[in-house]
Amino acid sequence: MISRFKTAALSAAFALGLAGGAVAQDIQFFSIGTGGTSFTYYPVGGVIANAISKPPGSRECGQGGSCGVDGLIASAVSSRGSVDNINAILSGLRNSGFAQSDVAYWSYTGTGTREGEEPATELRTIAALFEEHIHLVALADSGITSVADLAGKTVSLDEPGSGTFVDATLILEANGLSIEDVNAEALKGNAASEALRNGKIDAFFVVAGYPTGGIVELASAADITLVPITGPGAEALTSKYGFFAQSDIPGGTYEGIDTVSTVSVGAQWYTSAKEDEELIYNITAALWNDESRRLLDVGHAKGASITPETALAGIGVPLHPGAERFYREAGLLE
């Protein structure tokens with residue numbers, strides 16, 4: 001869980017880059033599992049880690065310093081994605097992590113795609129963050145204009161530990177296909193983009209908040225298209241699973257691509273019920289501090305959509321007691 005140690009000597013303070021007059025102070029490390037470095041979870045995780053951190057020796061909040069948690073050093077850790085993050089939280093490998101709301105709910109209840117598995121009853125929510133859109137990416141001249149066109153094609157579904165893999169499988173099924181109907185690959189991030197450009201795959205799925213860096217770079221280097229996820233398949237998916245909604249990726253988000261209709265799901269921040277209540281309370285307060293608002297607004301294109309007003313939207317896993325206490329005190333939870 002959280003590592004603690006005392007800075008008992010000036011040499012330790014110096015090693016941390018602190019002033020010579022630093023005094024001994026508890027230091028806590030707090031990890032945030034994110035996703036691949038090419039997509040949205042990782043950079044947003046870095047912004048949030050910066051917002052909630054306040055290493056010893058930092059300037060005071062409001063005086064050019066961090067408004068994070070005293071003595072806390074948070075870090076964004078690259079991972080395989082939602083499933084991997086949840087498993088890491090439950091095992092104690094990571095303190096927290098981002099995950100899609102559908103994956104988290106099914107893990108917590110032992111239902112859906114986690115049917116038959118032990119329910120992850122110790123999973124807890126810190127905050128809902130932003131909306132993620134399912135991107136189905138192909139080359140513009142591929143002839144792929146719908147999910148049905150993926151039959152017989154080589155398609156990357158991302159790694160099995162990712163939420164993208166879960167949702168890509170569901171989308172195939174909702175459109176009358178299965179993994180066996182495509183030549184499935186498990187490529188992530190830049191590897192998928194490179195494989196598409198080099199003709200090694202025909203399409204790939206990504207679930208991420210737009211604009212996602214990997215696709216921005218790909219669109220600037222190759223003529224690509226985002227394949228719509230609409231029609232009876234999308235309607236079946238959204239009606240069966242309340243986590244999903246039909247939503248558009250606006251035109252101009254990616255170079256040369258007009259508005260495309262697809263399916264979205266919520267990205268949320270989770271931790272373990274075993275994490276200290278006071279710590280999670282302070283982390284939640286730091287996340288929604290006015291200074292953090294500035295960091296979120298400038299740190300990533302998706303940051304502006306991370307707001308206290310939507311912090312409880314679509315939550316299907318119970319709040320951590322520390323987060324719940326903050327939201328009640330802030331008047332956001334009755």
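Cut-offs used in this document
- Residues numbered from 1 in each chain as written.
- Predicted model: local features only at pLDDT ≥ 70, side-chain atom pairs only at ≥ 80, totals over all residues.
- Heavy atoms only, no water.
- Disulfide = S-S within 2.5 Å.
- Buried < 20%, exposed > 50% of the residue type's maximum accessible area, 1.4 Å probe, protein only.
- Axes fitted to C-alpha atoms, helices over the stretch in contact; angles between N-to-C directions.
- Helix = DSSP H or I, 4+ residues; strand = E, 2+ residues; numbered from the N terminus.
- Parallel < 35°, antiparallel > 145°, perpendicular 65-115°, else oblique.
- Contact = heavy atoms within 4.5 Å.
- Nonpolar A, V, L, I, M, F, W, Y, C, P; charged D, E, K, R; others polar.
- 1 Å grid on protein atoms, 1.4 Å probe; cavity = no way out; pocket = protein on both sides within 12 Å on 5 of 7 lines; lining within 4 Å.
- Points joined across faces, edges and corners; volume = space filled by probe spheres on them.

## Observations concerning the state of the cysteines
In the structure shown here, the tally under the stated rule is 1 disulfide. The disulfide that involves Cys61 links it to Cys67, with 1.9 Å between the sulfurs. With the S-S dihedral at roughly 85°, the linkage between Cys61 and Cys67 falls on the right-handed side. Its relative accessible area of 36% is what places Cys61 among the partly exposed residues. Taking the relative accessible area as the measure of exposure, Cys67 reaches 10% and is therefore buried.

## Some points on the packing of helix α4 (residues 101-109) against helix α5 (residues 163-174)
Between α4 and α5, the least distance of the axes is 9 Å, while the angle of their chain directions is 95°. When the axis of α4 is compared with that of α5, the two are roughly perpendicular. When α4 is examined against α5, the residues Asp102, Val103 and Trp106 are found in contact with a partner set consisting of Gly163, Val166, Asp167 and Leu170. Residues belonging to the contact of α4 with α5 are distributed by class as follows: 4 nonpolar, 1 polar and 2 charged.

## What to know about empty space enclosed by the protein
A probe matching the size of a water molecule, rolled over the atoms, marks out where space remains unfilled. A full pass over the atoms with the stated rule returns 1 cavity of 30 Å³ or more. In terms of lining residues, the largest cavity is bounded by 19 residues, among which Gly35, Tyr41, Thr164, Lys188 and Val207 are the most central. Of all the secondary-structure elements, those providing two or more residues to the lining of the largest cavity are α5 and β10 (203-208). Here the lining of the largest cavity gets 3 residues from one element, more than from any other, and that element is β10.

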